[in-house]
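# Fold and contact review
Spelled out from the first residue to the last, the chains are:
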Amino acid sequence: PAAGPRLGRARRRSRSRRERAAMTSADPIDLAGRLVEKVAELHAAGKADAAHALRVEMTRDDPVLFALVYLRRHLVDPATERVTLSDVHLAWAETAKTWTTPQREPFADRRAEVAPREMGKSTWWFLLLPMWAAAHGHARFAAAFADTDTQAQTHLATFKAELDGNRLIREDFPLLVEPKTRGR
C-alpha cells in the first residue's frame, strides 16, 4: 500500500518528462505558447492535475518560461501590447538559474545589477525571478534594496498582489501562497 502513491508520482513525473521533451523551442515565447496549448488540451480532457504538474515541471528550471506562463502581464509592452524580452532579460534569468544549487561559500551570490531606466530591472529582480525561486523552492529568502521606502513598499505590494490574486500561482503553488504563522 505504501508503494502505490510513490509509483503513481513516478509515473506522472515520467509522463511529464516525456511531454516536456516533446515541447522544445529555442524561442521562450514560442515554448510558452506551446505549453499553454498543451495545458488547455489536458484541461479539456479532464486532466487538471496533469496540467498543473506539467506547468510546474516545465517551469522548474526555467525562470523565463515561469515568467511567461505565470506573470505574463508584467512582460507586455504597453505601447505594442506584445511580450518583449531582451538579451539582458535572458542573461538575468541565466544568473537566477544559479540559485537552484546551494552556495558552498557564505556571501558567494551577491550581485548588483545596473541597467538603463525602463529595462525591467524592478520587474525582473523584485518580482519575476524571486517569485520563480520561491515557487519552486530554489530560495527561501531574498534581500532586495530600493532607493526609497515608497519604492520598496510598491515592489513588495506587487509581489504580494500576485501571491494573493494570481490564479495560476495559487493553483500550482499552494504552499507558497498559504499564510504562514508562528507557534507561540
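Residues numbered from 1 in each chain as written. Predicted model: local features only at pLDDT ≥ 70, side-chain atom pairs only at ≥ 80, totals over all residues. Heavy atoms only, no water.

## A word on the nonpolar core
Heads up, the rule is: Nonpolar core, defined: a set of buried Ala, Val, Leu, Ile, Met, Phe, Trp, Tyr and Cys residues in which side-chain atoms within 4.5 Å join the residues together. Each residue is placed in one exposure class: buried if its accessible area under a 1.4 Å probe, protein chains only, is under 20% of its type's maximum, exposed if it is over 50%, and partly exposed if it falls in between. Elements are defined by DSSP. Helices are runs of H or I of four residues or more, strands are runs of E of two residues or more, and each kind is numbered from the N terminus. Here, residues are in contact when the closest pair of their heavy atoms is within 4.5 Å.
With 39 residues, the main nonpolar core has Phe66, Tyr70, Leu71, Trp124 and Met131 as its most contacted residues. Among the elements of the structure, α2 (28-44), α3 (48-59), α4 (63-70), α5 (87-97), α6 (121-135), α7 (149-165) and α8 (167-172) are those that each provide at least two residues to this core. In terms of residues, this core owes the most to one element, α6, which gives nine residues. Leaving out residues up to four positions away in the same chain, tyrosine 70 has contacts with Arg55, Val56, Thr59, Asn166, Leu168, Ile169, Asp172 and Phe173.

## Some words on the packing of α2 against α4
The criterion, for reference: Axis lines are fitted to C-alpha atoms, over the contacting stretch for helices. Their N-to-C directions set the angle, which ranges from 0 to 180 degrees. What sets the label is the angle itself: under 35 degrees gives roughly parallel, over 145 gives roughly antiparallel, 65 to 115 gives roughly perpendicular, and the rest give oblique. Handedness of each helix crossing follows the sense of rotation of the near helix against the far helix: counterclockwise by less than a right angle gives left-handed, clockwise gives right-handed. Three residue categories are used. Nonpolar comprises Ala, Val, Leu, Ile, Met, Phe, Trp, Tyr, Cys and Pro, charged comprises Asp, Glu, Lys and Arg, and polar comprises the others, including Gly.
Across the interface, α2 lies against α4 with an axial gap of 9 Å and an inter-helix angle of 55°. The angle between the axes of α2 and α4 places the two elements in the oblique class. As α2 packs across α4, the resulting crossing turns out to be right-handed. Residues Pro28, Ile29, Leu31, Ala32 and Leu35 of α2 form the contact with α4, whose participating residues are Val64, Leu65, Leu68 and Val69. Partitioning the contact of α2 with α4 into residue classes produces nine nonpolar, no polar and no charged.

## Side note on the pattern of salt bridges
Charged atoms that come close allow side chains of opposite charge to pair. Basically, it comes down to this: By definition, a salt bridge exists where a carboxyl oxygen of Asp or Glu is found within 4 Å of a side-chain nitrogen of Lys or Arg.
What the rule picks out here adds up to nine salt bridges. Across the pair glutamate 171 and arginine 55 runs a salt bridge, and its minimum N-O distance is 3.6 Å. In this pair, glutamate 171 is assigned in helix α8 and arginine 55 in helix α3, connecting sequence segments 116 residues apart. The partner of glutamate 162 in a salt bridge is arginine 73, and the shortest N-O contact between them spans 2.7 Å. With a gap of 89 residues between them, glutamate 162 in helix α7 and arginine 73 in the loop between α4 and β1 (76-77) connect regions that are remote in the sequence. Of the residues examined, glutamate 162 reaches a relative accessible area of 4% and is grouped as buried. Salt bridges sharing common partners tie together Arg55, Arg167, Glu171 and Asp172.

## A short note on the confidence of the model for the chain
Just so we agree on the cut-off: Each residue carries a pLDDT score, the predictor's confidence in it, ranging from 0 to 100.
When pLDDT is averaged along the chain, the result is 82, and 82% of the positions lie at 70 or above. Across the chain, the element-wise mean pLDDT spans from 48 in helix α1 (residues 3-22) up to 96 in α4. Below pLDDT 50 for its whole length, residues 1-12 participates in zero contacts with residues either more than four positions away or in separate chains.

## Focus: the packing of aromatic side chains
Applied cut-off: Only Phe, Tyr and Trp rings take part, Trp by its six-membered ring, and two of them pair if their centres are within 6.5 Å. Stacked means planes under 30 degrees apart, edge-to-face means over 60, and tilted covers everything else.
Under the criterion given, the structure shown has six aromatic pairs. When the centroid spacing of 6.1 Å and the interplanar angle of 55° are considered together, the rings of phenylalanine 66 and phenylalanine 173 count as tilted. With phenylalanine 66 in helix α4 and phenylalanine 173 in the loop between α8 and α9 (174-177), this residue pair connects regions lying 107 residues apart in the sequence. Connected via pairs of aromatic rings, a cluster forms that spans Trp92, Trp99, Trp125 and Trp132.

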